[in-house]
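In case you want the letters, here they are:
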Amino acid sequence: MASRTYILGTRTSPLAMWQAQFVQWLLEEQWPDDHFSIAGIKTKGDDLNISISKEGGKGLYVKELEQALLDKRVDFCVHSMKDFPVMPIDGCALAAVVERGEVRDALVSRDKIPLAEFKSSMKIGTSSLRRKALLLSQTNPAEVVEIRGNIETRVKKVRDGEMDGVILAAAGLLRLGLENEITEYYDARSFVPAPGQGAIAVECRTGDDDLRLKLRRIHHDESGQAVAAERAFLRSLGGNCSLPLGAWCEMEQFQMRLYGFLADPLGNQVMMDCSVGPIGYADELGEHLGHRFLSCGAQGILKKINPAPSSL
């Protein structure tokens, strides 16, 4: 069979480029006769002058990439799974979930001060409504402030004394070689990560069957099932990435255990629960936990949040 050249679309941030290069390497290992090149694309989510939660959620990180896919300027796209829409736009589909990395959130702080020792005069930065709600629900005395920028920019704000600490996904810090900056990790069972955190999504056009088969070669089934359960939970509660919502699914021998979190943005009302199901029934597990949340009062929290309209 003749060799092919494929163009991989990605955001231009250092982390996005790392992930794209990792996927490129995996594919070249599987298909050495083909060539995979990377095209960096700016997205609306890269605009530091907007608030992601107010402007429509993390779908702002993928719209331009999906348009490039539909316009056939790229053959497939690589995303952080936590940014990937619950429902891709027509003509696009999730083709593979790369083996998941670290799922937990981590603190980067000045002088390696743990969160338990933060004072009311200190500032901790995050751009995530979920992390803000988790911090506030734990009666942390520090001021929680919104912070934008890529991972290195946020870490630099701590080094420069602009922030006393920032909460970030540990996977991104590890992938960029910043593990020495981490002060502490947080247990995913209580500080529940975003759905899909630590996983990489690969998206292509629905009609590209040959390419989808090639991309399937780098799919990791266990990671795919865990992410599917988390995303089903998100979908059952409205599917909006702007929600202060977390979900993490862990594998236990032949079972999956799904942890869910939902709160109002100030952390005054908090719901946490978990559900167990057999491997192979990811969607059912996520929907079951989501319906349990709704039956226990989640609708009241969702009405109070009233996030801006989003395609997610």
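Refer to the structure presented above.
Heads up: these notes are all about the structure in this document. (Residues numbered from 1 in each chain as written. Predicted model: local features only at pLDDT ≥ 70, side-chain atom pairs only at ≥ 80, totals over all residues. Heavy atoms only, no water.)

With that settled, consider the layout of surface pockets. When its volume is computed, the second largest pocket comes out at roughly 340 Å³. Lining the second largest pocket are 20 residues; nearest its centre among them are L94, G224, A228, R231 and D283. Of all the elements in the fold, those that place two or more residues in the lining of the second largest pocket are β4 (92–98) and α8 (221–236). Broken down by element, the residue count for the lining of the second largest pocket peaks at eight residues, all from α8. Its residues placed into classes, the lining of the second largest pocket shows 12 nonpolar, three polar and five charged. (1 Å grid on protein atoms, 1.4 Å probe; cavity = no way out; pocket = protein on both sides within 12 Å on 5 of 7 lines; lining within 4 Å. Points joined across faces, edges and corners; volume = space filled by probe spheres on them. Helix = DSSP H or I, 4+ residues; strand = E, 2+ residues; numbered from the N terminus. Nonpolar A, V, L, I, M, F, W, Y, C, P; charged D, E, K, R; others polar.)

Turning our eyes to something else, we now look at the sheet that holds strand β7 (residues 143–146). Pairing is mixed across the open sheet formed by five strands, whose spatial order is β7-β6-β8-β5-β9. The open sheet has two free edges, formed respectively by β7 and β9 (184–185), since each of these has just one partner strand. By the bridge criterion, two bridges tie strand β6 (residues 123–126) to strand β8 (residues 165–169) in an arrangement that is parallel. Directly across from I124, in β8, lies its bridge partner G165. Along the sheet, helix α5 (residues 151–159) contacts β5 (105–109) and β8; its crossing angle with β8, the most-contacted strand, is approximately 155°. (Pairing = 2+ DSSP bridges. Contact = heavy atoms within 4.5 Å. Axes fitted to C-alpha atoms, helices over the stretch in contact; angles between N-to-C directions.)

Here we take up the nonpolar core. Grouped together as the largest cluster of nonpolar side chains are 23 residues, with contacts concentrated most on F233, L237, L245, C249, L258, L262 and F293. Contributions of two or more residues to this core are made by α8, β11 (245–252), β12 (255–263) and α9 (282–305). Among the elements that line this core, the one with the most residues is α9, at eight residues. Here L262 is in contact with L237, P244, L245, Q269, V270, M271, F293, A298, I301 and L302, once residues within four sequence places are set aside. (Core = buried A, V, L, I, M, F, W, Y, C linked by side-chain atoms within 4.5 Å. Buried < 20%, exposed > 50% of the residue type's maximum accessible area, 1.4 Å probe, protein only.)

The strands that make up a sheet are held in pairs by hydrogen bonds between backbone atoms, and each pair lies either parallel or antiparallel. Spatially, the three strands line up as an open sheet ordered β11-β12-β13, and their pairing is antiparallel. Two strands close off the open sheet at either side, each with one partner strand: β11 and β13 (270–278). Strand after strand, the sheet turns through a mean of 15° between neighbouring axes, direction not considered. Here eight bridges tie β11 to β12, and the two strands are oriented antiparallel to one another. Residue pairing in the sheet places E250 in a bridge with R257 of β12. Those strands touched by helix α4 (residues 129–137) are β11, β12 and β13, and its axis lies near 80° from that of β12.

This paragraph deals with the side chain of S275. Locating S275 in the fold gives a position in strand β13. For S275, a relative accessible area of 5% corresponds to the buried category. In this view, S275 contacts M256, R257, L258, L285, H288, L289 and R292; residues no more than four positions away in its chain are not counted.

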